[in-house]
Each structure stands twice: as structure tokens, then as C-alpha cells.
Amino acid sequence: MDGLVLRLRSLGESDLMLDVFTSSMGRMTALAKGGKRSKQRFFGVLLAGHLLEMNLEATKSPDLWRLGSARVRASHLGLRLDYRRLLAAGPVLELLLRATPLQAPQTGALELALATLARLEQGGDPTEMGSAVAIFLARLLDLLGYGLNLQACLHCGRPVEQMKSLRLTLGGGVVCPACPAGHREHSAPPGLVKFLAAARSMEPRSLARLRLPASQLPLALGFLADFWREVVGHDLPSLGLALRSLRGRSAAPAANSPRR
Ligand SMILES: [Zn+2]
């Protein structure tokens, strides 16, 4: 079974607990006996962000598996070559860890995560990386059943297709200009609403070409992060760090700006 390593925790002197995300069973927890010490079986294998081919053995507890053996299928090494890429990839692992239920398959989620990591691994400018993160955040909402209502005003139900100056609300969708402003709303230029709609409806293969203008990225990431915090019900530190890194860079006039 293939699994993306989300987190490693040490257990006692020599063991490691792994949280992994698989396509057939969603998030799973596995114990790697001797994972901290073993120089042979697991050496260089157990790292967050690695996609592993794993042999999992059942234990007495239905929620806990034992990692018999594993080999690396994709190391996503490109992420480790640049800390900004690594920061941008943080929310991918964090959300699969915090927002998905244990042992429940989530169709398309692993595929989306891997496509996002592959795009981040190529690095590129902040707009490229920010777009990849925004697509992940928008599409995962949909995959996990928290989809945003982007067709009609959440308050009055009017279709919003031709409307300008929409707002996005943490209630879960768009609000038209005629409805009174609420305190938990973000402004949403028409391009941003289209981007969010495309991020969830496009063929997975075409997503790599979807890109948001640099000027709209802070709005997109700001709203999606707030909405995800609402969904998960607590803070998401990796997402916060990624946003700060991506925003800092897009606001900076030059690549070597000390403001970063
Ligand atoms: Zn309305």
C-alpha cells in the first residue's frame, strides 16, 4: 500500500509512530518498531513528505498498524532543497493530518496532495507556489465535503455569475453586493471566484496550469486559510507559516529583499 508520511513521532527509545495518508484507507497510524535505531530497514525511509510503499501488518488495535517494511516511492527531494518550498508544502501534510478522519478513504485526496507536492517541488516564483497551495486548499474542501457555494448568494440566493464586487464569507460561499456586509467576509474579485470554481472542477491533470494573478493571491490564501481554520476548529500553524512566507515574497520588490 502506498502512503504519504504526514508526521513522525518518537515513542520510547527506539520506536516511531507514523501518520500516513493512503488512497484506500485515508489516514492511518502505524508503529515502526526500531524505527529510530534501525540502520537497515528504515534508514533514510521514514521522513515526513516521503511517499512510501508500505507493508502494514494488523495489530490487536484496529486503529494501529505495524510497519513491516517500507521503501521510498517518491522522496520529494526538491522540497528539501529550498526552505520556501518546504514551508509551502507544510499545509498539505498538516491538513491531511488535522482535517481527515482516521481510516476513511477520501477519493482524490492523495492524488491532489501528490500533484501539489510535485508542483511545489519545481519551486518557481511565489505566485506559482501560492497558486498550487490555493488550489490544494480549495479542492480539498470540496473533496472532504466542505465545498463552497460559488454560484448563488449565500444570503438571498441570487445567482452571482455576472456580478462584480462579491464577498466571500466564512459561512461557506459568496455574498452578493445587495446583501448587507457581515464582519467575517473577505472581498472577492470576479477572477478569484472563477479561480476557486476552476480549482475544484478541473481535471486533475489540467490543474498544474491553473494560476492566480499575484495581486489576488493574498486574498485567496487569506480567505481559504480562515475558512479552513473554521472547518478544523483550531489553529493550523503550518498553514500560517506558509502564508507568511508566500505573502512576504510576493510583496517583496526583489528576490533578495531583506523584508523576507
Ligand atoms: Zn445576496
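Residues numbered from 1 in each chain as written. Predicted model: local features only at pLDDT ≥ 70, side-chain atom pairs only at ≥ 80, totals over all residues. Heavy atoms only, no water.

## Here's the deal with the overall build of the protein chain
From N to C terminus, the protein chain includes seven helices and eight strands. Against the 2.2 N^0.38 benchmark of 18 Å for 260 residues, the protein chain shows a C-alpha radius of gyration of 20 Å, consistent with a compact globule. Projected onto its principal axes, the C-alpha positions of the protein chain cover 65 × 45 × 30 Å. For the protein chain, buried positions account for 50% of its 260 residues. (Helix = DSSP H or I, 4+ residues; strand = E, 2+ residues; numbered from the N terminus. Rg over C-alpha atoms; globule rule 2.2 N^0.38 Å. Buried < 20%, exposed > 50% of the residue type's maximum accessible area, 1.4 Å probe, protein only.)

## So, the pattern of salt bridges
Overall, the coordinates contain 15 salt bridges when judged by the stated rule. One salt bridge in this structure joins Asp142 and Arg200, with 3.6 Å as the shortest N-O distance. Of this pair, Asp142 sits in helix H4 (residues 126-143) while Arg200 sits in helix H5 (residues 190-201), placing them 58 residues apart in sequence. Asp142 gets classed as partly exposed once you look at its relative accessible area, which sits at 31%. As a salt-bridge pair, Asp235 and Arg229 come within 3.5 Å of each other at their nearest N and O atoms. Given a relative accessible area of 24%, Arg229 falls into the partly exposed group. Through salt bridges with shared partners, a single ionic network connects Arg119, Asp125, Glu128 and Arg211. (Salt bridge = Lys/Arg side-chain N within 4 Å of Asp/Glu carboxyl O.)

## Structural notes on helix H6 (residues 217-232)
Given a rise of 1.5 Å per residue, 16 residues ought to cover 22 Å, and the 22 Å separating the end C-alpha atoms of H6 matches this to within 8%. Those residues of H6 that fall on the buried side of the exposure criterion are Leu217, Ala220, Leu221, Gly222, Phe223, Leu224, Ala225, Phe227, Trp228 and Val232. Once H6 ends, the next one or two residues include Gly233, with phi positive near 85°. (Expected span 1.5 Å × (residues − 1).)

## What to know about the sheet that holds strand E2 (residues 15-22)
In space, the five strands of this closed barrel follow the order E1-E2-E3-E5-E4, with mixed pairing throughout. Adjacent strand axes in the sheet meet at a mean angle of 45°, parallel and antiparallel pairs treated alike. Pairing between strand E1 (residues 2-11) and strand E4 (residues 51-58): three bridges, direction antiparallel. Across the sheet, residue Leu4 finds its bridge partner in E4, namely Leu51. Where helix H2 (residues 83-99) meets the sheet, its contacts fall on E1, E2 and strand E3 (26-32), and the angle it forms with E1 comes to roughly 80°. Relative to the sheet, helix H3 (residues 109-121) contacts E1, E2 and E4, its axis offset from that of E1 by approximately 85°. (Pairing = 2+ DSSP bridges. Axes fitted to C-alpha atoms, helices over the stretch in contact; angles between N-to-C directions. Contact = heavy atoms within 4.5 Å.)

## Details of the side chain of Arg167
Inspection of the secondary structure puts Arg167 in strand E6 (residues 166-169). There is a polar contact of 3.1 Å between the side chain of Arg167 and the backbone oxygen of Cys176. (Polar contact = N/O pair within 3.5 Å; in protein donor to acceptor, adjacent residues only side chain to side chain.)

## Some points on the coordination of the zinc ion
Around the zinc ion, the protein supplies Cys153 (SG), Cys156 (SG), Cys176 (SG) and Cys179 (SG) as donor atoms, at distances of 2.3 Å. Along the chain, the residues donating to the zinc ion fall in the pattern C-x2-C-x19-C-x2-C. Taken together, the residues Cys153 in the loop between H4 and E6 and Cys179 in the loop between strand E7 (173-175) and strand E8 (185-188) connect sequence positions 26 residues apart. (Donors = N, O, S within 2.8 Å, 3.2 Å for Na, K, Ca; no water.)

## Brief notes about the domain arrangement of the protein chain
Examined at the domain level, the protein chain breaks down into domain 1 (2-74) and domain 2 (77-251). Centre-to-centre separation of domain 1 and domain 2, based on C-alpha positions: 29 Å. Residue-level contacts link 22 residues of domain 1 with 17 residues of domain 2. In total, about 1600 Å² of surface goes out of reach between domain 1 and domain 2, with carbon and sulfur atoms giving 65% of it. (Domains from an automatic or database assignment. Buried area = accessible area lost by both parts, 1.4 Å probe.)

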